[in-house]
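# Inside the fold
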Amino acid sequence: MAYLKKSYLQKGIVSLIEYKLIQKVKVIDTDNLNDTLLDIMNNSNYKRPMFVFDKFIESLDVVQNVISNFTKYNIDVNSFNEIVPDPPVSLINKGVEKFKDANCDSLIAIGGGSTIDVARGINIVRTNGGSILDYEIEKDNIKECPGLIAVPTTSGTGSEMSNALVLTDTESKKKIAILANYALSEYAVLYPQLTLGLPQNMTIATGLDAFSHAAEGYLSKLSSPVTDAICEKIMFLLYNYLPVVVNDGHNLNARRKVMVASTLAGWMLNNAGTNIGHSAAHILGSKYHIVHGEAVAYGLPGVFDLVETELPEKICEIGQILGVTYLETESVDEKISRAKKAYKKFRDETIGLHSFSDYKISKKELETNVNAIVNERFASNTPVNLNNSNVKMFLEDYGKQ
């Protein structure tokens, strides 16, 4: 985590700001998933893992090979294959029950954000007891939760590194975010071969999600010089390599670069956070079934609009990362305008995100969510005071091409 310590020895005269950056997850990039997972089992003395995945991932040859390899070495394998998009809270209870019935000692989550989020939720409840909803607010009561090995199959959510999990409350139809610093993955295993068959639309959505993690963290109250440097590198990698994998999904080198960027972006979620862009995505996504990575990408220009007076230099830096070369004669306002245009060109033309109008949601309908977005938990990270007026303006421009 990133910690900020401020000491004012004499107000207005001397101030000390100290930043620290800690990374607890063991990250392994590999070209041999079988051997890597087997080594983790042996080194950690885990004997009875429960695999968490959806039925499609379970059917993949590479996953079946891992399971067969475990069996060959007398590792008792159990599986929980009920993962669905926007996973409901009820899945956690089902998973915990299966975990306990099989007397498992670890979890191997192979999949996207939904899979890893569910596995994290199972790990919290099997270690701490109760219901996952108990920890929506009382996150400080969560003790250390070892035993989660995360193997991402997409490059966007960053869940393998994140301290957050997002579930859907089917009764209220709202997304619930739970933050748990002691429920991080023990291991994040990056095997980019799993992303080679990712459809183009998912490559676009997840890649733009990772870009938004970095951009929103860069434009967050929680940012620091150390997180800024990492966020800049993430955006650079995605600007240069996401277009490659969108056009050629089997380019392994580019897939690896994008996966590394996504993983770093997940790390930054714990350190720099997100802001109104993700708040809007959580509210609008759950209500109108907007793909999450698309939802944050539609909202990012509005984030720029909100923070440009507070963080003009950072907006300009993003423009430079996106290929803009500024002239010495340009004003700050002109530079900011070019940075915004550069992002929209990257999102809509270079990457090819489809138009928000495809969702057929009226401006009037969007504006019914103003209050919910203002009060969403991550909105307060936005470096301006949000109110119904400026959030309404944010929604008026949401998704404009």
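In this convention, every chain numbers its residues from 1, walking through the sequence in written order. With the structure being a predicted model, the display of local features is reserved for residues of pLDDT at least 70 and the display and counting of side-chain atom pairs for 80 or more, all residues being used for whole-chain, interface and lining totals. In computing side-chain properties, one takes all heavy atoms of the structure into account and sets aside hydrogens as well as water.

## Section: the domain arrangement of the protein
For the domains described, the bounds stem from an automatic or database domain assignment. On domain assignment, one finds that the protein holds domain 1 (26-195) and domain 2 (200-397). Each of domain 1 and domain 2 was reduced to a C-alpha centroid, and the two centroids are 27 Å apart. Contacts between domain 1 and domain 2 engage 27 residues on the former and 22 residues on the latter. Taken together, both faces of the contact between domain 1 and domain 2 bury some 2,100 Å²; the carbon and sulfur share is 57%. Buried area counts how much accessible surface, traced with a 1.4 Å probe, disappears from two parts once they are put together, with both parts' losses summed. Counting the surface domain 1 buries against domain 2, the share from its top three residues, Ser155, Met161 and Lys175, is 26%. Between Lys or Arg on one side and Asp or Glu on the other, a salt bridge is scored when a side-chain nitrogen of the former is within 4 Å of a carboxyl oxygen of the latter. Across the contact surface, domain 1 and domain 2 share 2 salt bridges. Note on contacts: a residue pair is in contact if any heavy atoms of the two residues lie within 4.5 Å.

## Thoughts on the nonpolar core
What we call a nonpolar core is a set of buried Ala, Val, Leu, Ile, Met, Phe, Trp, Tyr and Cys residues that are connected through their side-chain atoms within 4.5 Å. Three labels apply to residues, based on accessible area from a 1.4 Å probe with only protein chains included: buried if under 20% of the type maximum, exposed if over 50%, partly exposed otherwise in between. Leu208, Phe211, Leu219 and Tyr343 are the most contacted members of the largest nonpolar core, which totals 70 residues. A domain split of this core shows at least three residues from each of domain 1 (26-195) and domain 2 (200-397). Grouped together as the second largest cluster of nonpolar side chains are 31 residues, Ile92, Ala119, Leu148 and Leu165 included.

## Structural notes on the packing of aromatic side chains
Each aromatic pair joins two rings of Phe, Tyr and Trp (for Trp, the six-membered one) with centres within 6.5 Å, and gets the label stacked for planes under 30 degrees apart, edge-to-face for over 60, and tilted for any other angle. Under the definition given, this model contains 12 aromatic pairs. A ring pair is formed by phenylalanine 211 and tyrosine 343, whose centres lie 5.8 Å apart and whose planes are at 25 degrees; its orientation type is stacked. Of this pair, phenylalanine 211 sits in helix α6 (residues 200-218) while tyrosine 343 sits in helix α12 (residues 332-350), placing them 132 residues apart in sequence. Across the pair, tyrosine 343 and phenylalanine 211 agree in class, each one buried. Ring geometry for phenylalanine 394 and tyrosine 398: centres 6.1 Å apart, planes at 55 degrees, overall tilted. Among the aromatic residues, ring-to-ring pairing joins Phe211, Tyr239, Phe304, Tyr343 and Phe346 into one connected group. In this description a helix means any DSSP run of H or I spanning at least four residues, a strand means any run of E spanning at least two, and both kinds are numbered starting from the N terminus.

## Remarks on the state of the cysteines
Two cysteine sulfur atoms make up a disulfide if the distance between them is within 2.5 Å. Inspection of every chain in the model, using the stated rule, returns 0 disulfides. The thiol sulfur of cysteine 231 is not disulfide-bonded, and the nearest other cysteine sulfur, from cysteine 316, lies at 17 Å.

## Some points on the pairing of strand β9 (residues 174-179)
By definition, two strands form a pair when at least two bridges between them are found by DSSP. Bridge count between strand β8 (residues 164-169) and β9: 6 bridges; the pairing is antiparallel. Each bridged residue has a counterpart across the sheet, and for leucine 167 the counterpart in β9 is isoleucine 176. Hairpin geometry of β8 and β9 is characterised by an intervening segment of 4 residues between the two adjacent antiparallel strands and by a positive phi of about 60 degrees at lysine 173.

## Here we look at helix α5 (residues 113-128)
For α5, with 16 residues, the first-to-last C-alpha span of 22 Å sits near the 22 Å given by 1.5 Å per residue. Taking burial as the measure, the 16 residues of α5 include 12 buried ones, the bulk of the element. All of the buried residues in α5 are Gly113, Thr115, Ile116, Asp117, Val118, Ala119, Arg120, Gly121, Ile122, Asn123, Ile124 and Val125. Of the surrounding secondary structure, the elements contacted by the buried residues of α5 are β4 (49-52), β5 (78-80), α4 (90-101), β6 (106-111), β7 (148-152) and β8. A positive backbone phi angle near 80 degrees is found at glycine 129, which sits one or two residues after α5. For a helix, the expected span equals 1.5 Å multiplied by the number of residues minus one.

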